[in-house]
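Chain and residue survey
Each chain, written out:
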Amino acid sequence: MNSINPTDIILENAVNAFKQGDIDKAQTLFLNILNIDDSHPDALYFMGMIDHGAKRYEAAEYRAEELVKQKPIDGKALNLLGTILMTQRKFDEAVEHFEKGIKYNEDDPMLKVNAAICNIGLANPARSIELCKDAINLNNNYTNAWNILGNAYMGKSEMENAAEAFEKAIELQPDFIDARFNLGVSLFELKRYEQAEACFDDILESIPDHVHALCRKGDIHMIRDEYQQAGELYQRAADLATDFVPSLIGRGRVFLRIDKFDEALSNFKRAIELTPDNIEALMHIGSTFRKMGNDEAAAAAFKDALNIDPDNAQAKFHLASVTGDETPAKPEADYVKNLFDEFADTFDKQLSDIDYNAPEQLASLVKSLTENTQMEIIDLGCGTGLSGEQFKDFSSHMIGVDLSPRMLQAASKRGIYNELEENDILGSLVRYQNKFDLVVSADTFPYLGDLDSVFVSITSATKPDGIITFTTERHDGTEDFKLGKTARYAHSVDYIFSIAERRGLEVLHCEPTVTMKERGEDVPALIVAMRKPA
């Protein structure tokens, strides 16, 4: 007759207690087993999970390591150790255990997904995508595999693919809050703000205290210039989670927009105290000090950002704008694109508020220079189409070019352009030779410093006897161009004439003007027209 092993009875009771959620009882029983046999594999496994759940990471890691010593190729053991390490953000160590587990347990999709999560943490989204697709091939209904696949695509800035993956996860599990939140974030990045807001609203309907959704919805209101609504949402998040960094940054942004600088700085600085490497907060601190006229403090903040990320092009650009040192020839294209994307919905209103009239001035100038009303026109930096409105009566065919997809969406609603192209100036013009009767650029050049290469392409794309007209900001110093504290470039009259001379263009008009105000003060500008010889 076989004798009953008392340890087996304790183990059975412990496992049952664990499955029923009675963790205290389960822990007591598993520890009893380990007092009898400190290498008992099942007790090590379950106590590893219990310690991990209780955030006793050192103990959990020890038990998982002891288990792996006994079972070096066991998928469950390797997954447990990898998960404990991953929770502590020890991604390098964790991924080694997951990859070893995959090697000996090829049909385990969980190991692949956990390895994918680590690869996202290690900034290796390509490997993460590969692992998630492998997991999905093993189990097409594995919801978290679709969710992590979406996160990996976001790591590669492939937002459309990310959104599709999150939608699949939600299709499989409609109450999957993480996937719905991630879908909202991806839609936000795609500038599909109404759809993103709907995602966050769905989450807040079921979880009113979801602080991340509150802050993301606040971000959408910020884009709409709805500062009161944004501030209320950020405050709700702050009331629910004191020192929640996204709410601190959000509140700081609201205060910055309404010129409450001390309050803005208070929030941004608290964010830095909590997360010292927070480049976003440092950039906002720099911007706040710049608006206050404290260039020295602004420069210090931008330098702090560069100490964290020496290659940060935006920090370099803004540092140069307040110090005047090492002026870059132009800002990064993504900076300009994101800047105008953010303001696309309220752009026309903001320009109206600052008495912006460059398109009207340019149209009046062109009317004085030609009677041609059937011109091939290209509008460089067309934005929402304000220039197009002024020049539609001059054109037989008009192309608008802009970096910002959101601006182009607004321009398309006007119905005045025959073609709209998402591109930078050089990328667009390089395709044309002797094509345009009129090249127009209203206040685009303040976002470019060095205009030499631009005018090589403009000249080539302009027909003989064609007109090139533009406005830019003006400075009266000796430099060709100067990056101002507004983070925009100004050009000198001598520089404009030197460009015309190098390109063989005739200057028809180059006069000081004012195209807008800033903080109630006129912004010095130039209005220029050139002709390409016949």
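The structure we're discussing is the one just above.
Residues numbered from 1 in each chain as written. Predicted model: local features only at pLDDT ≥ 70, side-chain atom pairs only at ≥ 80, totals over all residues. Heavy atoms only, no water.

So, the pairing of strand β1 (residues 375–380)
- β1 sits mainly inside the fold: six of its six residues count as buried.
- Of the two faces of β1, the one holding Met 375, Ile 377 and Asp 379 and the one holding Glu 376, Ile 378 and Leu 380 are both buried throughout.
- Two strands pair when backbone bridges link them, and β1 and strand β2 (residues 395–402) are joined in this way by six bridges, in the parallel orientation. Among the inter-strand pairings, Ile 377 is bridged to a residue of β2, identified as Met 398.
- The parallel pair β1 and β2 is bridged by helix α23 (residues 386–391), and the resulting crossover is right-handed. (Buried < 20%, exposed > 50% of the residue type's maximum accessible area, 1.4 Å probe, protein only. Helix = DSSP H or I, 4+ residues; strand = E, 2+ residues; numbered from the N terminus. Pairing = 2+ DSSP bridges. Right-handed = clockwise from strand over helix to strand, strands pointing away.)

Focus on the pattern of salt bridges
- In the structure shown here, the tally under the stated rule is 28 salt bridges.
- Among the salt bridges present, the one from Glu 99 reaches Arg 127, with a minimum N-O distance of 3.0 Å. Here Glu 99 is found in helix α6 (residues 91–104), whereas its partner Arg 127 is found in helix α8 (residues 125–138), with 28 residues between them in sequence.
- Exposure remark for Glu 99: the relative accessible area of 26% places this residue in the partly exposed category.
- The partner of Glu 421 in a salt bridge is Arg 431, with the nearest N and O atoms 2.6 Å apart. Pair noted here: Glu 421 is in strand β3 (residues 419–422) and Arg 431 is in the loop between α25 (425–429) and β4 (436–442), with a separation of 10 residues, a long-range link. (Salt bridge = Lys/Arg side-chain N within 4 Å of Asp/Glu carboxyl O.)

Quick word on helix α5 (residues 75–87)
- Taking 1.5 Å as the rise per residue, α5 with 13 residues should run 18 Å; its terminal C-alpha atoms sit 18 Å apart, in good agreement.
- Burial within α5 is extensive, with 11 of its 13 residues counted as buried.
- Within α5, the full set of buried residues consists of Gly 75, Ala 77, Leu 78, Asn 79, Leu 80, Leu 81, Gly 82, Thr 83, Ile 84, Leu 85 and Met 86.
- Considering only its buried residues, α5 is in contact with α3 (41–53), α4 (57–70), α6 and α7 (109–121). (Expected span 1.5 Å × (residues − 1). Contact = heavy atoms within 4.5 Å.)

Looking at unusual backbone geometry
- One non-glycine residue with positive phi stands out, namely Asp 243, at about 65°.
- By the element assignment, Asp 243 lies in the loop between α14 (227–240) and α15 (245–257).
- Phi at Asp 259 takes a positive value of approximately 65°, unusual for a residue other than glycine.
- Among the structural elements, Asp 259 can be located in the loop between α15 and α16 (261–274).

What to know about helix α2 (residues 23–36)
- End to end, α2 covers 20 Å across 14 residues, agreeing with the expected 20 Å (1.5 Å per residue, within 8%).
- Buried positions along α2 lie against α1 (6–19), α3 and α4.

As for the packing of α3 against α4
- Interaxial distance between α3 and α4 falls to 8 Å at its minimum, and their mutual angle equals 155°. By the angle class used here, α3 and α4 are roughly antiparallel. Crossing geometry of α3 relative to α4 is assigned as left-handed. Within the contact between the two elements, α3 uses Pro 41, Leu 44, Tyr 45, Met 47, Gly 48, Asp 51 and His 52 and α4 uses Tyr 57, Ala 59, Ala 60, Arg 63, Glu 66, Leu 67 and Gln 70.
- Of the residues belonging to the contact of α3 with α4, the class tally is eight nonpolar, three polar and three charged. (Axes fitted to C-alpha atoms, helices over the stretch in contact; angles between N-to-C directions. Parallel < 35°, antiparallel > 145°, perpendicular 65-115°, else oblique. Left-handed = near helix turned anticlockwise from the far one by under 90°. Nonpolar A, V, L, I, M, F, W, Y, C, P; charged D, E, K, R; others polar.)

Focus on the environment of Val 322
- Considering the arrangement of structural elements, one finds Val 322 in helix α19 (residues 313–323).
- In this structure the C-alpha to C-alpha distance between Val 322 and Thr 486, which are 164 residues apart in sequence, comes to 8.5 Å.
- Not counting the four nearest positions on each side in its chain, Val 322 is found in contact with Arg 290, Asp 295, Ala 298, Ala 299, Phe 302 and Lys 485.

Observations regarding the nonpolar core
- In terms of nonpolar packing, the biggest core is built from 83 residues, with Phe 30, Phe 98, Cys 118, Leu 149, Leu 183 and Phe 200 touching the most fellow members.
- Other than its neighbours up to four places away in sequence, Phe 200 contacts Phe 181, Gly 184, Val 185, Ala 213, Arg 216, Lys 217 and Ile 220.
- Core analysis: the next-biggest nonpolar cluster, separate from the first, contains 33 residues, Val 401, Ile 458, Tyr 495 and Ile 496 among them. (Core = buried A, V, L, I, M, F, W, Y, C linked by side-chain atoms within 4.5 Å.)

What to know about the pairing of β2
- Of all eight residues in β2, six are buried; the element is thus mostly enclosed.
- With four bridges connecting them, β2 and β3 associate as parallel partners. Within β3, the position partnered with Gly 400 by the bridge is Leu 420.
- Tracing the backbone out of β2, into helix α24 (residues 405–412) and back to the parallel element β3 gives a crossover that is right-handed.

Geometric descriptors of this kind do not, in isolation, establish any biological role.
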